[in-house]
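The chain contents come next:
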Amino acid sequence: MTEQLGLRERKKLETRQRIVDAALKLFDDRGFERVPVAEIARAANVSEATVFNYFPSKEDLVYGGMQAYEDQLIAAVGSRPKDTSAVAAFREFVLEPRGALATDDGAAASVVARTARIIAGSETLRFREQRIVDQATDALAGLIERDEAAPSSALNAWVTANALMGVNRAMTRLAQRLAAEGRGGAEIGRTVRRQGREAFELLERGV
């Protein structure tokens with residue numbers, strides 16, 4: 001039964017990745033708005049209903065990973081030890097090596113560059129990204145305001161949350177630019193984390 005479940009889960013992951021790969025190729029070739037979900041389904045050799053089973057909206061084909069990352073980030077800050085501040089927990093999570101930026105996988109870095117191109121060419125996707133960031137920022141501000149280790153006023157919490165999310169977004173933009181230049185994942189990760197640490201130190205000193 002365990003082996004069966006493992007096989008089933010692997011097939012689901014393979015199907016999900018096949019859909020994403022097909023979607024990103026089509027979006028990169030023709031633009032996000034010009035590619036219907038039905039065409040993505042045909043390219044991935046699945047039904048349109050299957051696409052929506054894995055991705056509730058067309059935008060999720062591009063932003064599913066970002067949404068999951070932001071959710072994990074807020075969860076990590078929310079579940080931090082009592083003697084750890086929200087700011088410290090945020091910094092630790094953001095600077096942790098993970099995903100495509102923890103290996104020398106050139107293919108993973110090329111996906112980062114491709115995704116950046118797709119987003120740059122779509123107003124719909126840029127709007128969705130802003131909404132994801134706004135939701136995460138609001139959630140983070142609430143955690144900072146109620147922080148037992150370092151409580152803050154509502155205004156200061158909001159300002160702090162926006163500054164922290166600004167570092168996070170700047171690190172993402174840097175990763176995308178370096179990927180577009182053809183850098184490897186591990187090199188990108190080291191550069192982004194180094195500059196991320198410098199940015200957090202700047203905030204700690206006071207801009």
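Residues numbered from 1 in each chain as written. Predicted model: local features only at pLDDT ≥ 70, side-chain atom pairs only at ≥ 80, totals over all residues. Heavy atoms only, no water.

Draft legend 1. How the structure looks around the overall build of the protein. Helices and strands together make up the secondary structure of the protein, namely nine helices and zero strands. For the protein, the C-alpha atoms occupy an extent of roughly 50 × 45 × 30 Å along the three principal directions. For the protein, buried positions account for 39% of its 207 residues. A fraction of 70% describes how many contacts in the protein between residues 6 or more apart in sequence connect residues 24 or more apart. Total accessible area on the protein stands at roughly 11,700 Å², and carbon and sulfur atoms take up 53% of it. Averaging the locations of the 30 positively and 30 negatively charged side chains of the protein gives two centres separated by 4 Å. (Helix = DSSP H or I, 4+ residues; strand = E, 2+ residues; numbered from the N terminus. Buried < 20%, exposed > 50% of the residue type's maximum accessible area, 1.4 Å probe, protein only. Contact = heavy atoms within 4.5 Å. Areas by Shrake-Rupley, 256 points an atom, 1.4 Å probe, with all protein chains shown as cover. Lys, Arg positive; Asp, Glu negative; His and termini not counted. Charge placed at Lys NZ, Arg CZ, Asp CG, Glu CD.)

Draft legend 2. Summary view of the nonpolar core. Core analysis: the largest hydrophobic core is formed by 55 residues, its most contacted members being Phe-27, Val-62, Phe-90 and Leu-140. Those elements that provide at least two residues to this core are helix H1 (2-30), helix H2 (37-44), helix H4 (60-78), helix H5 (86-95), helix H6 (106-120), helix H7 (123-145), helix H8 (154-180) and helix H9 (185-205). Considering each element in turn, this core owes the most residues, 10 residues, to H8. Contacts of Phe-90, omitting those with residues within four sequence positions, involve Leu-73, Val-77, Leu-140, Leu-164, Met-165, Asn-168 and Phe-200. (Core = buried A, V, L, I, M, F, W, Y, C linked by side-chain atoms within 4.5 Å.)

Draft legend 3. Seen up close, a nonpolar patch on the surface. Residues Leu-155, Trp-158 and Val-159 make up a contiguous nonpolar surface patch of roughly 330 Å² in combined accessible area. Tracing the backbone shows Leu-155 in helix H8. The class for Leu-155 is exposed, based on a relative accessible area of 61%. (Patch = residues over 30% accessible without salt bridge, like charges linked within 9 Å, V, L, I, M, F, W, Y side chains within 5 Å. Salt bridge = Lys/Arg side-chain N within 4 Å of Asp/Glu carboxyl O.)

Draft legend 4. H9, seen in detail. Helix length check: H9, at 21 residues, gives a terminal C-alpha distance of 30 Å against a target of 30 Å (1.5 Å per residue), a fit within 8%. Taken as a whole, H9 has its buried residues at Gly-185, Ala-186, Ile-188, Gly-189, Thr-191, Val-192, Arg-193, Gly-196 and Phe-200. After H9 finishes, the residue Gly-206 shows a positive phi value of roughly 100°. (Expected span 1.5 Å × (residues − 1).)

Draft legend 5. Quick peek at the environment of Pro-97. Here Pro-97 lies in the loop between H5 and H6. Residue Pro-97 is classed as partly exposed on the basis of its relative accessible area of 46%. Placed 92 residues apart in sequence, Pro-97 and Gly-189 show a C-alpha to C-alpha distance of 7.0 Å.

Remember, this is a structural readout, not a statement about activity or role.
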